[in-house]
Each structure stands twice: as C-alpha cells, then as structure tokens.
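# Report on the structure
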Amino acid sequence: MKRLLTTLRHTYIGKKAQILGWGLGLALYGLLIVPMYDTFVAQGEQFQQMISSYPPEFLAFFGATVNSMLTPAGFLGMYAFSMLPIIIGIFSVIAGSALILDDEERGRLDLIIAHPIGRSSFFFGRTLGILATTLTIHILGWLGFSMLLGGSSLAVSWGQMAVPFLSLLVQTLFYIALSLMLSMLMPSRNLAAVVSGAIMVTSYFVSSLASINDSMGALAKLMPYHYFQTVLSFQELNLGWVAALLGISAIMIVIGWLRFIRRDIRLRGEGSWRLSFLSKRRKTI
Amino acid sequence: MRSTNYNKPSQELAIKIRGLTKSYGKVRALRGIDLDVGRGEIFGFLGPNGAGKTTTIRCLLDIIRPDGGKSSLLGIDPQADPVSIQALTGYLPGEMQFYDNLTVERQLRFFSDMRNLRTEWGYVRQLAERLDLDMKPQIKNLSKGNKQKIGVIQALMHRPELLLLDEPTSGLDPLMQQEVVSLLRDANTTGATIFFSSHIMSEVENIAKRVGIIRKGEIVEVAETSILTKRTLNRLTIRFKQAVEVRELGNLPEVEILSQIDGNSINLQVSGDMENLIHALGRLPVLDLVSERPSLEEVFMTYYKNKE
C-alpha cells in the first residue's frame, strides 16, 4: 500500500501543470459564462428573435430548443456543457494514453520499474494519481462556475451546479480509462491517443446528430456521450447511466492492468505507429 | 567451448541462470544461457553489441519476461518475487533517461522515494563529490556523462547487495571511468556482488575477477580474467632508429610479424604477455612503439580460430 501511495503522490505532484492549466482554464470559462446569462436575459427578446432565425436542426444538435435557451438549464447546456466533454476529452485522451507510455517511450520506465514498487502498485498508483488530478480539475471548474452564481439571475445553487460536473467527470474518467487501456494494447502512445480521440469525436457527433435524425438513435445509445447529462438536480440525474459508465471504465482499467503486469517493458524507440505484426521492432539486445 | 561452474552451492550464488531463452519475434536474443555468479564476486559480462547482455540483465530484474529457463538472484526467483529482488539490487541501465525538468537532487530523491527508503544523504553527497557531480542543476542542462553519473549514484545510494550494471562507464571520461571502477571496488569490499556488462575488454580486465563472454545469445566462455588476459591480442607498430634484422622477433613464441612497412618499421601481433618481446626489443634501437588492442569481435575470431 505504501508503494502505491508513493506512486500516487508522485503522479499527482507531476500533474500540477495540467491541474493549473485545465482547472483554471475551466474555472475561467465558468467565470465568463455565468455573468453572460444576465445579459442574455436582459436582451431576451432580441436573442429570442436571433435564435428563432437559426435552423431548428442547429439548436437540436446542441440539445436545445428556442424556448429552452432562456432557461438556466438550456443556457448552460448550450453555452457551457455542450462542448465541455470534448474540451476536457482532449485532456483525458492525452493523460490516459501518456499515463504509463510517456515514461516508457521516453526510456524512463525501464529504470523506474526496476525499483521495488511492483507493477500492480505502480499501475494503480498512477491510475489513482490521474483520477485525483481529474477530480481536482473538475472541482476547480465547478468552483469557477459557482463563484458568481450568487450575483447572477441564473438561480442555480452550488449543489445544482455540481450535478453536470459529476456527469462530466464520469465522461472524463471513461476516456482516460479507454485511452489507458488502448495504450496497453496498441504499439504506441500516439496510436492509442488517436483511436481514443476518434472514438470521442465520433461519439459526440453521432449522439448530437441523433437529436436531428431519429434513425441514428440506436447507434447513439452505444456512444458514451449519449449518457452525458446536463441536468441541474440530483433527482433528475440517471444514476444507472453514471454507474454503467463507471463500471465500463473500471473494466477497461482492469484490462489495461492485466496487460501491463504481463508484458515486457520496452526501451526507448521500441514503440511505433505501425502495428507490431507488420513491422520489424527495434530492440536493444 | 562453453565452460560452466555449476559446482557452487546455491546459497553461495548471487546469480544462477539455467537455460534462459528470450526471443523478439524471429530474433532469438538469448539461446539458453547458463551462468553462475558467486556472492561477493565481481563478474564481467562481455560481448559485442547485440550479443544479449542487456536482455539478460533485464530478464534478471523482471523488466522483460524470458520465454524459457530459470534464474534466481540471491536465492529469489525474479518471476515469483520481483519486488524483493529489486529491493536488494542496484540497477544501472545501458540507456538512461530522467525527468529533464528535475534537478539532480530531486531526481535522486524520486528514486529514493520509489524505494521507500530513508536514504543516507551524506552518502549520496559523498558519491556525488567523488564523481564531481553538482546536484543543483536541472537534468536537461547536463551532458551525457553527467547523466551517467546520476545513474551510477542511484544504483549505489541504497548500498545494494547486488549490482546489475549495463555498461557502467559508458559516456564517462577516463578519469571518471577510474572513479566509477573505484566506487564499484569499494562496494565490493563491503560485500556487494557486482555483475556488469561491457563490450570493452580492457574495462572488464581492469575490475572483474571472472568474465563471461556472450555472443549471439549464447555464453561462449566463462573464465578467470587472468586466463582471458593471457589470450589477449595486442597489435604493435615499432619504429627503429635504423634498419634492423627483425626475423628473430618473428621467431619468438606468441609473436607474429604482420607486415614490414619499410626497413625501419614493423607491425606485430602478440597473443598473451609481451615479456619475451620486450626482452628482445631491449637489444634493438627502438625509436617508438605504439600498441593497439583489437576489437572484441577480432578477439572472438581468434578464439574460434584457435579452437578449430
């Protein structure tokens, strides 16, 4: 346990730049978007006219309607939370695929893993470290979105604001787990990041397009973004969806762990974009 | 050709390897290695690049998994209990990378944390001082040689029972190479077993009591260093002050005249010690003498030629 905690601590400390960059960036976005609602409401008629001129498909893509845009949930859903899973998703894909492979592909893991840590403690220490990092980023984002709520006509409490952030956190964890698992199964970090990113973007577009085209509804149900919830109350939150996404994430992490404890640790330059069965791997013998 | 030393009781062995095999796809990196290294021994693991030295060391530390065979370090199976092995071992990889943004001291503290140890920082500073390494600069500003020094310190700083070192003097200048050798001797004096790989014959001769030679994934020889040294080839270019009769040099045992450049210069090859040659040269008007060690590959080829 001590070995796991040591790795966790070092992982968390090593991510301080990401915590500050992504967390403060998210918070700043919240500090800008929340006061915008008052302007939005004050000029409600003009906005409503402008929004009415938009094609309904455009609004539906972002999960909004003309009437919902002036409600707190509709406003936040459209202007804040519709894009956040993609923005934070970039962090997830990079962080998950790099969690272990960054050190391995740069040639550092060989020496680190020769220390008496144990592969499982190392893997879970790193995984918990990135989970703690992600949680901190989301807390900073939530604080940024909540700090100006008191002076805003949004009429949303700090607790209500936490609900979409909880759903966002689950989405982030899902993509971290996905890219971590793929990084253990694929020949290089880049490939794992590209595939994870492609799944994330596809998920976003398929789920959004399903709001316009009903025939895509069945396909959308297979996409993680479909289960992202921007509701503002815990009562409305579908906990089954939250649990399912967390469960799948846990399974992907376990698959990554099983692969990591069984495989050889590579030296620098041994990973590649190419699939291993198509390429001659460079090995230091 | 393979000579082994299986007669040592296992409790006296620091390293015991039997039939170790490892392949990378179609490349057979290790083809059934057998090797014993006694406790407290300094053992040189010699072989040309690509012979399987790094693969052997990485298998022993459970960094990579062998396809077959068995090994034990200090009586522990690395596959069954890698953490115990790693706790007792100091490892210096052949290719090392660190966190560039950390200072030397922070990087060493990181390694110390990874061992969950209370490191004796007085000892670490002493090691750094002996290697002339400043602990304050960031690693990104260090030369390859200085990075190698960090590697040496992290391998030694917890006073391990067993040191597995992959080309420990790589990238160091001759003075620092001597200092590293001296540090290894000190560690050995306090009881540490040292297993180090190299492709430089003279380096191994300088420190190891016994040597194992690996070539194309097979151990081709395990011998006392002194025996190996006797077989060592030296190539000499000798210039004389005036033209001399050199035929008698060619008649000396273990001496072969390769070429006579002009009346005043000759190229010789000597296998083993040079005592007879030096005596003979003492009677001749020698202007200068240049000695050159052949490459490891040439030494191997000479072995094979002699064996055939």
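### With respect to the overall build of chain A
Helix and strand counts for chain A come out as twelve helices and zero strands. The N-to-C order of helical and strand elements in chain A reads α-α-α-α-α-α-α-α-α-α-α-α. In terms of overall dimensions, chain A is globule-like: its C-alpha atoms have a radius of gyration of 21 Å, near the 19 Å expected for 285 residues. C-alpha atoms of chain A, sized along the principal axes, occupy 75 × 40 × 30 Å. Counting over 285 residues, chain A shows a buried share of 51%. A separation threshold of at least 6 residues defines the contact pool for chain A, and within that pool the share at least 24 residues apart is 74%.

### A closer look at the nonpolar core
Within the largest apolar cluster, 141 residues are counted, with the highest numbers of intra-cluster contacts made by Ile15 and Leu164 of chain B. The biggest single contributor to this core is helix H9 (residues 158-185) of chain A, with 14 residues. Listed in part, the 15 residues of the second largest apolar core include Ile238, Val255, Leu277 and Leu284 of chain B.

### Notes on the layout of surface pockets
Estimates place the volume of the largest pocket at around 1000 Å³. In terms of lining residues, the largest pocket is bounded by 33 residues, among which His10, Gly14 and Arg108 of chain A together with Tyr99 and Leu102 of chain B are the most central. If you list the elements that add at least two residues to the lining of the largest pocket, you get helix H1 (2-14), helix H2 (16-42) and helix H6 (84-105) of chain A together with helix H3 (104-114) of chain B. Counting residues per element, the lining of the largest pocket draws most heavily on H6 of chain A, at eight residues. Of the residues belonging to the lining of the largest pocket, the class tally is 13 nonpolar, seven polar and 13 charged.

### Notes on the domain arrangement of chain B
Structurally, chain B comprises domain 1 (10-229) and domain 2 (233-292). Taking the mean C-alpha position of each, domain 1 of chain B and domain 2 of chain B sit 39 Å from one another.

### Structural notes on the packing of aromatic side chains
In this structure the tally under the stated criterion is 22 aromatic pairs over all chains. Here the aromatic rings of Phe43 of chain B and Phe195 of chain B are separated by 5.7 Å at their centres, their planes lie at 0°, and the arrangement is stacked. With a gap of 152 residues between them, Phe43 of chain B in strand S3 (residues 42-46) and Phe195 of chain B in strand S7 (residues 193-198) connect regions that are remote in the sequence. In this structure Phe195 of chain B comes out as buried when scored by relative accessible area, which is 0%. Connected via pairs of aromatic rings, a cluster forms that spans Phe122, Phe123, Phe124, Trp257 and Phe260 of chain A. Note that Arg119 of chain A overlies the ring of Phe260 of chain A, its terminal NZ or CZ placed 5.9 Å from the centroid.

### Re the side chain of Asp110 of chain A
Among the secondary structure elements, Asp110 of chain A is positioned in helix H7 (residues 109-112). Within the local environment of Asp110 of chain A, its side chain forms a polar contact with the side chain of Tyr91 of chain B, the two groups lying 2.9 Å apart. Ignoring anything within four residues of it in the chain, the contact list for Asp110 of chain A reads Ile265 and Leu267 of chain A together with Arg58, Ile63, Tyr91 and Pro93 of chain B.

### Quick notes on the interface of chain A and chain B
Many analyses report the size of an interface as the accessible area lost when the parts associate. Of the residues lining the interface, 32 residues belong to chain A; the matching set on chain B comes to 33 residues. Lys22 of chain B serves as the salt-bridge partner of Asp264 of chain A, at 2.5 Å between the closest nitrogen and oxygen. For the pair chain A and chain B, the number of links is 15 residue pairs in polar contact (both at pLDDT 80 or more). Elements with a contribution of two residues or more to the side of chain A that touches chain B: H1, H7, helix H8 (119-146) and helix H12 (239-262) of chain A. Here the side of chain A that touches chain B gets six residues from one element, more than from any other, and that element is H1 of chain A. The residue inventory of the side of chain A that touches chain B, partitioned by class, reads ten nonpolar, seven polar and 15 charged.

### Overview of unusual backbone geometry
Residues and elements named next belong to chain B. Unlike most non-glycine residues, Leu74 shows phi in positive territory, near 50°. Here Leu74 lies in the loop between strand S4 (68-73) and helix H2 (82-88). The class of Leu74 is buried, set by a relative accessible area of 11%. For Glu254, which is not a glycine, the phi torsion comes out positive at approximately 70°. With respect to the element layout, Glu254 can be found in the loop between helix H9 (247-250) and strand S11 (255-262). Among the residues examined, Glu254 registers a relative accessible area of 51% and is labelled exposed.

### Some words on the pattern of salt bridges
Opposite charge on two side chains allows them to pair when their charged atoms are near. If you walk through the whole model with that rule in mind, you get 20 salt bridges over all chains. The shortest N-O distance in the salt bridge between Glu104 of chain A and Arg263 of chain A comes to 2.7 Å. With Glu104 of chain A in helix H6 and Arg263 of chain A in the segment after H12, the pair connects residues that are 159 residues apart, well separated along the chain. The class of Arg263 of chain A is buried, set by a relative accessible area of 6%. Residue Glu248 of chain B pairs with Arg283 of chain B through a salt bridge whose shortest N-O separation is 3.6 Å. With Glu248 of chain B in helix H9 and Arg283 of chain B in the loop between helix H10 (275-281) and strand S13 (286-292), this pair connects stretches of sequence that are 35 residues apart. Relative accessible area serves as the criterion here: at 43%, Glu248 of chain B is assigned to the partly exposed category. Residue classification places Arg283 of chain B among the exposed positions, given a relative accessible area of 61%. Connected through salt bridges with shared partners, the residues Asp102, Asp103, Arg106, Arg108, Arg126 and Arg189 of chain A form a single ionic network.

About the cut-offs
Residues numbered from 1 in each chain as written. Chains lettered and ligands numbered in written order. Predicted model: local features only at pLDDT ≥ 70, side-chain atom pairs only at ≥ 80, totals over all residues. Heavy atoms only, no water. Helix = DSSP H or I, 4+ residues; strand = E, 2+ residues; numbered from the N terminus. Rg over C-alpha atoms; globule rule 2.2 N^0.38 Å. Buried < 20%, exposed > 50% of the residue type's maximum accessible area, 1.4 Å probe, protein only. Contact = heavy atoms within 4.5 Å. Core = buried A, V, L, I, M, F, W, Y, C linked by side-chain atoms within 4.5 Å. 1 Å grid on protein atoms, 1.4 Å probe; cavity = no way out; pocket = protein on both sides within 12 Å on 5 of 7 lines; lining within 4 Å. Points joined across faces, edges and corners; volume = space filled by probe spheres on them. Nonpolar A, V, L, I, M, F, W, Y, C, P; charged D, E, K, R; others polar. Domains from an automatic or database assignment. Phe/Tyr/Trp six-rings, centres within 6.5 Å; stacked < 30°, edge-to-face > 60°. Lys NZ or Arg CZ within 6 Å of the ring centre and 35° of its normal. Polar contact = N/O pair within 3.5 Å; in protein donor to acceptor, adjacent residues only side chain to side chain. Salt bridge = Lys/Arg side-chain N within 4 Å of Asp/Glu carboxyl O.

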